[in-house]
Amino acid sequence: MRFRRTLLGLAAAATALGFFSSNAVAQTAYKPEYKLSIVLAPPTPWGQAAQIWANLVKERTQGRINIKLYPGVSLIQGDQTREFSALRQGVIDLAVGSTINWSPQVKQLNIFSMPFLMPDYAAIDALTQGEVGAELFKTIDKAGVLPLAWGENGYREITNSKRAIKSPEDLKGMKIRVVGSPLFADLFTALGANPTQMSWADAQPALASGAVDGQENPLFLFTVLKMQNVGQKFMTAWGYVADPLIFVVNKEIWASWTPADQAIVKQAATDAGKQEIAIARKGLVEADKPVFKEIAAMGVTVTQLTPAEREVFVKATRPVYEKWKPVVGNDLVNKAEKAIAAR
Ligand code: X2X
């Protein structure tokens with residue numbers, strides 16, 4: 001075994017140095033560059049997650065594994081709901097992806113989009129760091145992609161160009177851009193809005209032209225893109241869902257690396273994930289919520305729901321929760337509810 005590893009290491013080093021031009025050592029040939037897919041570029045926390053991971057891997061492998069970022073899911077022409085299939089097929093080597101974008105292929109990942117399941121950050125952690133997270137990793141693995149670590153996109157707050165949203169009544173008839181899982185269409189329909197599913201690439205011009213009135217995303221995206229400039233004058237913090245990120249690798253790429261390099265890539269993903277989760281939560285976990293203040297200072301009306309106002313949204317979306325529970329898996333959702341209650 002040790003002999004084989006040495007051979008693999010030598011072959012990898014030789015390949016890196018360009019000694020082999022044929023694919024005689026295909027199994028162990030390292031590519032000069034590995035393609036990593038992300039939706040949001042740095043300086044968003046999502047982009048930073050990928051950047052930190054790539055930097056750590058390069059440093060710790062002494063440049064043997066060189067990861068290049070492809071923001072805007074450009075390897076699949078911006079079609080973010082195809083990312084998981086492209087990873088499985090090897091069009092993409094690595095990704096830091098949102099559970100929402102992969103949920104069309106891995107329906108269990110819709111668990112994070114169940115309305116009002118996770119009331120706070122401790123609830124997210126109770127899922128990702130516990131039994132539910134471990135089970136989801138097994139499911140992703142079975143679906144053909146290797147998961148390594150968790151990161152975070154974050155709580156998705158709603159913004160719009162029309163009025164302050166305090167009740168489902170305020171959402172009535174509003175055109176809201178939603179992400180790729182049909183769960184979101186159900187959810188906004190239940191609230192009386194008019195949801196339109198589109199990729200993030202299409203969402204930005206749609207907001208700018210007024211083709212849609214609103215959107216929902218973590219607030220760092222609002223501040224990075226200055227969304228008040230595309231007419232988004234109202235923000236309601238309702239904390240209805242949050243999407244984690246997952247660091248993954250295509251399985252053939254993984255198998256082409258030496259065990260030592262595999263360990264480095266996995267540890268680097270864990271380290272990058274931890275760092276990025278702290279970045280994603282900064283300004284949102286403090287009692288005075290500096291990010292809310294920052295957005296208000298941009299001329300945006302910031303609405304924080306009272307517990308009673310929030311409860312109206314919880315009730316209005318409950319049928320969607322009940323509809324999706326068996327789709328996600330009753331056992332998994334029951335486990336999640338228990339883990340959250342015990343947090
Ligand atoms: O499309 C979105 O809203 C985004 C950027 O949050 C995701 O990719 C899930």
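Look a little higher up for the structure.
1. Quick word on the overall build of the protein chain
Counting its regular elements, the protein chain contains 15 helices and 11 strands. Expected size for 343 residues packed as a compact globule is a radius of gyration near 20 Å; at 21 Å, the protein chain falls within 12% of this value. Based on the C-alpha atoms only, the size of the protein chain along its principal axes is roughly 70 × 45 × 35 Å. Counting all 343 residues of the protein chain, 54% fall into the buried class. Carbon and sulfur atoms make up 55% of the accessible area of the protein chain, which totals about 14600 Å². Distance between charge centroids for the protein chain: 3 Å, based on 38 positive and 31 negative side chains.

2. Examining empty space enclosed by the protein
Counting across every chain of the model gives one cavity of 30 Å³ or more. Taken as a whole, the largest cavity holds about 100 Å³ of empty space. Forming the walls of the largest cavity are 15 residues, and the residues nearest its centre are Trp 46, Gln 80, Arg 156, Val 179 and Asn 217. Of the residues contributing to the lining of the largest cavity, the split by class is seven nonpolar, five polar and three charged.

3. Brief notes about unusual backbone geometry
Residue Pro 42 is joined to Pro 43 through a cis peptide bond whose omega torsion reads 15 degrees. Along the chain, Pro 43 turns up in the loop between strand 1 (34–37) and helix 2 (45–60). Even without being a glycine, Val 73 presents a positive backbone phi close to 40 degrees. Considering the arrangement of structural elements, one finds Val 73 in the loop between strand 2 (67–70) and helix 3 (83–89). Here Lys 226, not a glycine, exhibits a phi torsion of approximately 50 degrees, which is positive. Looking at the secondary structure, you find Lys 226 in the loop between helix 10 (219–225) and strand 9 (234–237). Assessed through its relative accessible area of 44%, Lys 226 is described here as partly exposed.

4. Some details on the site of the ligand
In the vicinity of the ligand there are 13 residues, among which Gln 80, Asn 101, Arg 156, Arg 177 and Asn 217 approach most closely. Take Asn 153: an N or O atom from its side chain is 3.3 Å from an oxygen atom of the ligand. Here Arg 156 contributes a side-chain N or O atom positioned 2.9 Å from an oxygen atom of the ligand. Protein chains shield 100% of the accessible area of the ligand, which is 270 Å² for the free molecule. In this structure, the ligand is accommodated by the largest cavity. Class assignment for the residues of the shell around the ligand results in five nonpolar, five polar and three charged.

5. A look at the layout of surface pockets
In this structure, the largest pocket spans a volume of roughly 420 Å³. Class assignment of the residues belonging to the lining of the largest pocket gives a composition of 11 nonpolar, three polar and four charged.

6. Regarding the side chain of Asp 261
Structurally, the position occupied by Asp 261 is in helix 12 (residues 259–281). Judged by relative accessible area, which is 1%, Asp 261 ranks as buried. In this structure the side chain of Asp 261 is engaged in a polar contact, spanning 2.7 Å, whose partner is the side chain of Tyr 30. Contact partners of Asp 261, with chain neighbours within four places excluded, come to Tyr 30, Thr 61, Arg 64 and Ile 65.

Conventions adopted
- Residues numbered from 1 in each chain as written.
- Predicted model: local features only at pLDDT ≥ 70, side-chain atom pairs only at ≥ 80, totals over all residues.
- Heavy atoms only, no water.
- Helix = DSSP H or I, 4+ residues; strand = E, 2+ residues; numbered from the N terminus.
- Rg over C-alpha atoms; globule rule 2.2 N^0.38 Å.
- Buried < 20%, exposed > 50% of the residue type's maximum accessible area, 1.4 Å probe, protein only.
- Areas by Shrake-Rupley, 256 points an atom, 1.4 Å probe, with all protein chains shown as cover.
- Lys, Arg positive; Asp, Glu negative; His and termini not counted.
- Charge placed at Lys NZ, Arg CZ, Asp CG, Glu CD.
- 1 Å grid on protein atoms, 1.4 Å probe; cavity = no way out; pocket = protein on both sides within 12 Å on 5 of 7 lines; lining within 4 Å.
- Points joined across faces, edges and corners; volume = space filled by probe spheres on them.
- Nonpolar A, V, L, I, M, F, W, Y, C, P; charged D, E, K, R; others polar.
- Near = heavy atom within 4 Å.
- Polar contact = N/O pair within 3.5 Å; in protein donor to acceptor, adjacent residues only side chain to side chain.
- Sits in = over half its atoms within 2 Å of the grid points.
- Contact = heavy atoms within 4.5 Å.

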